[in-house]
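Read off the chains here:
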Amino acid sequence: MNNKKLIYLVLALCVPLLVVGATALSESPVLTETPNTTISAPPEVYTPQVFGAHRQYMASINFTWLGNKSLNETLEKGNVGGGDVNVFKAALEQDGFIVQQGTLKTIPIFDLVNERVLYSCNGNNPSAPYKAYILPPAPNQSVPNPLADETNMSILYRLRPDEALVLIGKTPPNCTYFSYQSFEYYQFYPIEEAFRKIFANVGDTLNHLTINTEGTSEREPFGCATIIVTSADRGTDQRVRAAAVSAGYSPAIMNTEVLPSSIFRMGLEMECDPFLFLHRIAFFTDAQAGNAYMNSNPGVVFRITPKAQAEHDPYKVQELRVRGTGNTSEFELMGALNDLRQALLERFGADNATEPVTSVWLTEGYDAIQRGVDVLGVTRDTTYLNTTPFTLADDPNEFLIVYGVNHVATGKAIYSSFGVYGTTLANGVAAVDNQQFVSTAEEYIPGHPAAKYLYVWKVARQCNGDPHCLKVPSTPGAYGVGLDEQAFVAFRAYVDPPTKVGPAYSEIVYDRVIKFGIP
């Protein structure tokens, strides 16, 4: 074994892998009780030895993705929209497919990171929980998937180009936003004989404005039956759809998510790309209904594999929704924003103020794939901005003032938010959204005609009852950001309504931060 591979093996024995970002919720997998309070940087590349050593670690703590849950308990969740899931499954088997069941599961990211099952929170959105597919390997797959547990279930999976994944179930109850999307998680680099983490989105999402459901005609996509077929093969997709129709499902609720095989290295061998599937949800209208949705399986998931491989009929790379409308009206607020900045400096003291710089944080999946960089599971449905790093002491005289344009008030987004992150774990520990921004700038620029389009929020270690203050916890591990740890503020603006995708960066005014206290 050469020295490079030996180093990777040692890293694997000491640190776990990176995976999907999400907020901590219930329905947790089986975990031990020893929290991880050690923060370490991940390796830059991942070898087969790294993957193997991590699977051994997961086995040593008796970790399983499903815990004590039985997949059979969720099969009936596929009986939606007038269809019969057992008839569907039988039709696929009759057509020469092997049908295996998976699940769509809430991912308690902070707990998993603290248990060293996962290493990074991947820039999780503190405002929005996540679900992900947990899947078995393909039939006769000899190479284990990364992050596979002792039952061979994994959140990451390789796919033959003729396979399909199918979700049959109901969309979330009423909320501000939801989406479904696949990601290329790792990409193999032959020269290095190792993988790099990419976590790149595959094109556009199926979001609440674009998905086909039984409520599509009324454009009421919430709590509705839907089917999502993920495949690289046109023939497989058509056969799956035909089986669904024969089982009573309407074509009107069917969606195809294309995995373009011209971009990815598909297959079951070690060098093939592992994928991941995410379901994002933000701001349930009814919190109780939202909790019930997140703590249950909203549908049934199948991995569908042809018994006999036919000639591959690949889908082309799909067109992307175009960002931008040409509407640059937010920039009319630059003068008002500068007035607000001056008022903040006068209120809190310019002599002890520093201003972290806000810039584009993350690009998009196709950029990441070409450059071999990690974009942390981005979606094109939003913009991603962040500040240069800083530290935040537990001192009443040290705090941040976050301010900017409320992109919802200007009509450029359906929701916007900011969150505070630790740099090492990329863990978003607290956030504020546009619902809380309303009227917060008026205190600093009273009577200003543009105040209703702006917001101001304080960020500190202790808020002492301030209703417009976000407390940043210093809890060890993923739940907090240490007092000496580098941190940053990140900003999102989700979905420009006319385009059904994220705003163009050239059409929004960047949010800002002033730090008061120790530079």
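Small disclaimer: the values here were computed from a predicted structure and weren't measured. Position labels on residues start from 1 in each chain and follow its written sequence. Residue-level local features of this predicted model are given only where pLDDT is at least 70; pairs of side-chain atoms are given and counted only at 80 or more, and the full residue set underlies all totals for whole chains, interfaces and linings. With hydrogens and water set aside, each side-chain value is computed from the structure's full complement of heavy atoms.

## Concerning the sheet that holds strand β13 (residues 358-360)
Line of reasoning, step 1. Note on pairing: two strands pair once DSSP finds at least 2 bridges between them. Helix and strand assignments follow DSSP, with helices taken as H or I runs no shorter than four residues and strands as E runs no shorter than two, numbered in order from the N terminus. The strand order across the open sheet formed by 5 strands is β13-β14-β20-β16-β17, and the pairing between neighbours is antiparallel. At either margin of the open sheet sits one strand with a lone partner, and together these are β13 and β17 (427-433). Here the strands of the sheet are splayed against their neighbours by 30° on average, with no regard to which way each runs.
Line of reasoning, step 2. Across 6 bridges, strand β16 (residues 415-422) lies against β17 in antiparallel orientation. In the strand pairing of β17, Phe418 is matched with Val432. Every angle, taken between N-to-C directions, lies between 0 and 180 degrees, and every axis is a line fitted to C-alpha atoms, over only the stretch in contact when it is a helix.

## A closer look at helix α3 (residues 85-94)
For an α-helix the count is 3.6 residues per turn, leaving residues at separations of three or four pointing the same way.
Line of reasoning, step 1. When a residue's accessible area, from a 1.4 Å probe over protein chains only, is under 20% of the maximum for its type it is buried; when over 50% it is exposed; and in between it is partly exposed. Among all positions of α3, only Val85, Phe88 and Leu92 are buried. Buried residues along α3 cover an arc of 55° about the axis, so they all sit on one side.
Line of reasoning, step 2. Any two residues whose heavy atoms approach within 4.5 Å are treated as being in contact. Along its buried surface, α3 packs onto β2 (97-106), β4 (164-170), α5 (234-246) and β11 (299-306).
Line of reasoning, step 3. Distance and chemistry together define a polar contact, namely a pair of N or O atoms within 3.5 Å, with one atom able to donate a hydrogen and the other to accept it when in protein, and with adjacent residues in sequence counting only for side-chain atoms on both sides. The N-capping residue of α3, defined by a side-chain oxygen 3.0 Å from the backbone nitrogen of Asn86, is Asp84.
Line of reasoning, step 4. One or two positions beyond α3, positive phi appears at Gly96, with a value near 95°. Working definition: the arc comes from the directions between the helix axis and the C-beta atoms, pointing outward to the latter.

## Here's the deal with the packing of aromatic side chains
Line of reasoning, step 1. A pair of Phe, Tyr and Trp rings is counted when the ring centres sit within 6.5 Å of each other, with Trp represented by its six-membered ring. The angle between the planes then sorts it: under 30 degrees is stacked, over 60 is edge-to-face, the rest tilted. For the structure shown, the criterion picks out 35 aromatic pairs.
Line of reasoning, step 2. Ring geometry for Phe110 against Tyr479: centres 4.9 Å apart, planes inclined by 65°, an arrangement best described as edge-to-face. Of this pair, Phe110 sits in helix α4 (residues 109-114) while Tyr479 sits in the loop between β19 (469-471) and β20 (487-494); the two residues are 369 residues apart in sequence, bridging distant segments of the chain.
Line of reasoning, step 3. Phe110 gets classed as buried once you look at its relative accessible area, which sits at 6%.
Line of reasoning, step 4. A residue is classified by how much of its surface remains accessible, and Tyr479, at 32% relative accessible area, is partly exposed.
Line of reasoning, step 5. Seen in terms of ring centroids, Phe418 and Phe491 are 6.4 Å apart; in terms of plane orientation they differ by 50°. Their pairing is tilted. Of this pair, Phe418 sits in strand β16 while Phe491 is found in strand β20, placing the two residues 73 residues apart along the sequence. We note that Phe418, like Phe491, is buried.

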